[in-house]
Amino acid sequence: MIKRFFLFMLVALICLIAAVLIKTVSTGSRQLPVQPAAPLAIDESAAAQRLATALRYQTISRQGKAGLPEQSADEFKKLHQHIDQAYPLIHARLTRETVGAASLLYAWQGSDPKALPIMLMAHQDVVPVAPNTEQNWQQAPFDGVIKDGFIWGRGSWDDKGNLFAILEAVEKLLASGFQPRQTIYLAFGHDEEVNGLQGAKVMANLLQSRAVKLDYILDEGMLITEGILKGLDQSAALIGVAEKGYATFNLSATATPGHSSMPTEKTAIGMMSVALARLEDQQFPAQIRGVALDMFDTIAPEMHGLNRVLLSNLWLFRPLVQQQLAKSASTNAMLRTTTALTVIHGGDKDNVLPGQVDASVNFRTLPGDTQTTVAQHIHTIIANDAIKVSAMPSNSEPSPVSPIDSAAYQHLHRTVREVFPNTIVAPGLMLGATDSRHFSALSQHIFKFSPVRATSEDLPRFHGTNERISVKNYVEMIRFYHQLLLNSSK
């Protein structure tokens, strides 16, 4: 009897190993076979100089007291004048509208009035430089210096690099006599860094009032990562097919104020501390599903070693993989609606019990979760009716998920592999918020991707110190947008 049991277990183990191996080797690649794009003659020095000049205009977004952006109108005017002078064909042949304070909406009329238009997006504004860190920059953040093969400055990566690469590509196509099949919109917001409510949202409402529908939209977003995904030797271009929602909830605890020599049993600070600790300890569960599952299914066949085995057999190893991914902040954020304790205010004197303590908790919601489910989660976890919970009015739901079996996604996939040879393309989930979220009523195909190469050493430069883009990569960005517009017109 015992021998039969062990024999059965051995056979079961052999079958399991065989199933894992068969699944691993039989999972085929999802990458499109392509030929490299034809060479494109670009004056690298002149193109780099046009971007460097744009970086000298301090188009900084700051959150105002009333929640509106406070910006320098003169800096945006200078940037607009630079665009007009640097790209004369665009200025002469495309229609341009200034929307809101400083957003720019261009239209390039297509030859086929029945074809749905497409839209390329970028934003003109940049984040401030953190106070007292200017001396840490190798090149001053607003000097627009080209040195050591890099274009240095705030906005070179986020997001004037994309904006000017688009302009370079369009100017190049105009000079060649190219006529797009479908109308092409270029939407350049001026307040993306402070939610885009006065720029992108107004442009979206304007187009919606004109009954415009778009085949696809491409905005800034995920990157071409190099050496970041373990087990993958090739670069990986992750195309954001959705972005997480943004949900900040304010918590307010009230109690009887008084002298610290006679504290009450329950203080406002104590109640709030318990509530916040519970929210941090009891977060939404991590799950490999939706966009994350599509990403891992796409990348798995391109990996080697143990990672390929694990990701090719999530039916068996899902709990183990989820546990490992949840240990890293970046991969953990792909798997769950995250909880971040960001603001707390309470008390102003060491011998006085405050009557009120306020805190803010920021959730980045996965597609499938909503502000309603987050509010329910908060109330359930803190389990204290003395703490009032309210949602911020600027919150937004997760975006719809754009399908990866669409022609629009295939255009992007093909273009990436034509311009960036030996690069793996996979869908991904955008963790931050972009201007494109305001356009969900205009298209079912909204993608977030920046053709920017990034290593782990580059990531801290995003919104950080020593932001830069290599001249070589900037030329690739121009080639990418040029090739994408050609592919989309076929």
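So, a few notes on the structure that sits alongside this text. Model, not experiment: these values are computed from the prediction.

**Things to note about the overall build of the protein chain**
Moving on, step 1. What the protein chain contains, in helices and strands, is 14 helices and 19 strands.
Moving on, step 2. Taken over the C-alpha trace, the protein chain has a radius of gyration of 25 Å; the compact-globule value for 490 residues is 23 Å, and the two agree within 12%.
Moving on, step 3. Across its three principal axes, the protein chain shows a C-alpha extent of roughly 75 × 75 × 50 Å.
Moving on, step 4. The proportion of buried residues among the 490 residues of the protein chain is 52%.

**Some points on the sheet that holds strand 19 (residues 468-470)**
Moving on, step 1. One open sheet accounts for 3 strands, arranged 6-7-19; its pairing is antiparallel. Only two strands of the sheet have a single partner each, and these edge strands are strand 6 (145-147) and strand 19. Within the sheet, the average angular offset between the axes of one strand and its neighbour, ignoring direction, is 25°.
Moving on, step 2. In terms of strand pairing, strand 6 meets strand 7 (residues 150-152) through 3 bridges, oriented antiparallel. If you follow Val 145 over to strand 7, its bridge partner there is Trp 152.
Moving on, step 3. Each of strand 6, strand 7 and strand 19 touches helix 2 (residues 44-55); the most contacted strand, strand 7, lies at about 15° to it.
Moving on, step 4. Helix 14 (residues 471-488) rests against strand 6, strand 7 and strand 19 of the sheet, and its axis sits at about 75° to strand 19.

**Focus: the environment of Gly 464**
Moving on, step 1. Within the secondary structure layout, Gly 464 lies in the loop between strand 18 (446-454) and strand 19.
Moving on, step 2. Between the alpha carbons of Gly 464 and Arg 154 there is a distance of 8.7 Å; along the sequence they are 310 residues apart.
Moving on, step 3. In this structure, Gly 464 is in contact with Trp 137 and Arg 154, ignoring residues within four places of it in sequence.

**What to know about the sheet that holds strand 15 (residues 356-365)**
As a general point, the strands of a sheet are linked pairwise by backbone hydrogen bonds and lie either parallel or antiparallel.
Moving on, step 1. Reading across the sheet, the 4 strands line up as 13-15-11-16 and stay open at both edges, with antiparallel pairing between neighbours. Each edge of the open sheet is held by one strand with a lone partner, namely strand 13 (338-346) and strand 16 (387-391). With direction set aside, neighbouring strand axes in the sheet form an average angle of 20°.
Moving on, step 2. The strands touched by helix 7 (residues 268-281) are strand 11 (245-254), strand 13, strand 15 and strand 16; relative to strand 15, the strand with the most contacts, the crossing angle is about 10°.

**Description of the packing of helix 9 (residues 305-312) against helix 10 (residues 314-325)**
Moving on, step 1. Taken N-terminus to C-terminus, the directions of helix 9 and helix 10 make an angle of 110°; their axes are 6 Å apart at the nearest point. Of the possible angle classes, the one that applies to helix 9 and helix 10 is roughly perpendicular. Touching Val 309, Leu 310, Leu 311 and Ser 312 of helix 9 are Leu 314, Trp 315, Phe 317, Leu 320 and Val 321, all from helix 10.

**Some details on the environment of Gln 31**
Moving on, step 1. On the secondary structure map, Gln 31 appears in the loop between helix 1 (2-26) and helix 2.
Moving on, step 2. Given the relative accessible area of 11%, Gln 31 is considered buried.
Moving on, step 3. Gln 31 sits 383 residues away from Arg 414 along the chain, and the two C-alpha atoms are 8.8 Å apart.
Moving on, step 4. Excluding anything up to four places from it in sequence, Gln 31 contacts Thr 298, Glu 302, His 413, Arg 417, Thr 423, Ile 424 and Val 425.

**Section: the side chain of Thr 24**
Moving on, step 1. Looking at the element boundaries, Thr 24 is found in helix 1.
Moving on, step 2. Beyond its immediate chain neighbours, meaning those up to four positions away, Thr 24 contacts Arg 308, Val 309, Ser 312 and Asn 313.

**Side note on the pattern of salt bridges**
Moving on, step 1. The final tally for this structure, using the stated rule, is 9 salt bridges.
Moving on, step 2. Between Glu 476 and Arg 453 there is a salt bridge whose closest N-O contact spans 2.9 Å. With Glu 476 in helix 14 and Arg 453 in strand 18, this residue pair connects regions lying 23 residues apart in the sequence.
Moving on, step 3. On the basis of relative accessible area, Arg 453 is assigned to the partly exposed category, the value being 25%.
Moving on, step 4. As a salt-bridge pair, Asp 458 and Arg 461 come within 3.5 Å of each other at their nearest N and O atoms.

**Thoughts on helix 13 (residues 407-419)**
Moving on, step 1. Helix length check: helix 13 (13 residues) gives 18 Å between terminal C-alpha atoms against 18 Å at 1.5 Å per residue, within 8%.
Moving on, step 2. Within the span of helix 13, buried status applies to Ala 408, Tyr 409, Leu 412, His 413, Thr 415, Val 416, Arg 417, Glu 418 and Val 419.

**A closer look at the pairing of strand 3 (residues 95-99)**
Moving on, step 1. Both strand 3 and strand 4 (residues 103-108) contribute to a ladder of 5 bridges, which runs antiparallel. Bridge assignment links Glu 97 to a residue of strand 4, and that residue is Leu 105.
Moving on, step 2. Hairpin remark: strand 3 followed by strand 4, antiparallel, with 3 residues in the connecting loop; positive phi at Gly 100, about 65°.

**Some points on helix 7**
Moving on, step 1. With 14 residues, helix 7 extends 20 Å from end C-alpha to end C-alpha; this agrees with the ideal 20 Å at 1.5 Å per step.
Moving on, step 2. Taken together, the buried positions of helix 7 are Ala 268, Met 271, Met 272, Ala 275, Leu 276 and Leu 279. An end-on view of helix 7 places all buried positions within 125° of arc, on one side of the element.
Moving on, step 3. Residues of helix 7 that are buried sit in contact with strand 11, strand 13, strand 15, helix 12 (371-382) and strand 16.

What counts, and where the lines are drawn
Residues numbered from 1 in each chain as written. Predicted model: local features only at pLDDT ≥ 70, side-chain atom pairs only at ≥ 80, totals over all residues. Heavy atoms only, no water. Helix = DSSP H or I, 4+ residues; strand = E, 2+ residues; numbered from the N terminus. Rg over C-alpha atoms; globule rule 2.2 N^0.38 Å. Buried < 20%, exposed > 50% of the residue type's maximum accessible area, 1.4 Å probe, protein only. Pairing = 2+ DSSP bridges. Axes fitted to C-alpha atoms, helices over the stretch in contact; angles between N-to-C directions. Contact = heavy atoms within 4.5 Å. Parallel < 35°, antiparallel > 145°, perpendicular 65-115°, else oblique. Salt bridge = Lys/Arg side-chain N within 4 Å of Asp/Glu carboxyl O. Expected span 1.5 Å × (residues − 1). Arc of directions from axis to C-beta.

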